[in-house]
Amino acid sequence: MSNYIEIQGVSGGDAQLVKQDMKFRTGKFVWRVSFTAPLNPATVNNMNLYVTDSTDNPLKTSIRYDPTGNYIEIEPLESYTQDQSYILTITRNVESRGGQRLKNEIKLKFKV
């Protein structure tokens, strides 16, 4: 068993921007997504950022936005299943305070 998450693919963004510096321990790790501009908090929700399993079933998650650091944390409320693939999706509906959206929807496929 690997101690790290296996990132299987990234679409809609630069794969080089995906960094991993944590070890898989509990099956409930938190994704942290950093942004270069302050976000409109009303657009930071589980309709615009979500995790699904390989059959498109959504996982229950808690989403938090830190306006000081300009990052979003996506924490699962249920454990990931080992050897199962998941997709973290960040839609274009996440907006900056100025109303700008991402150029592309970002999908990050990973396996634990």
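Everything below is about the structure shown above.
Residues numbered from 1 in each chain as written. Predicted model: local features only at pLDDT ≥ 70, side-chain atom pairs only at ≥ 80, totals over all residues. Heavy atoms only, no water.

**Regarding the packing of aromatic side chains**
Counted by the stated rule, this structure contains four aromatic pairs. Considering the side-chain rings of Tyr-80 and Tyr-86, the 4.9 Å spacing of their centres and the 65° angle between planes classify their relative orientation as edge-to-face. Tyr-86 matches Tyr-80 in its accessibility class, with the two residues each being buried. Grouping aromatic residues by their ring pairs yields a cluster made of Trp-31, Tyr-80, Tyr-86 and Phe-110. (Phe/Tyr/Trp six-rings, centres within 6.5 Å; stacked < 30°, edge-to-face > 60°. Buried < 20%, exposed > 50% of the residue type's maximum accessible area, 1.4 Å probe, protein only.)

**Some details on the pattern of salt bridges**
Within the structure shown, the criterion is met by five salt bridges. One salt bridge connects Arg-64 with Glu-73, and the closest N-O pair in it is separated by 3.1 Å. Its relative accessible area of 16% is what places Glu-73 among the buried residues. A salt bridge links Glu-105 to Lys-107; the shortest N-O distance between them is 3.8 Å. What emerges from the salt-bridge pattern is a single network uniting Arg-32, Arg-64, Glu-73 and Glu-75. (Salt bridge = Lys/Arg side-chain N within 4 Å of Asp/Glu carboxyl O.)

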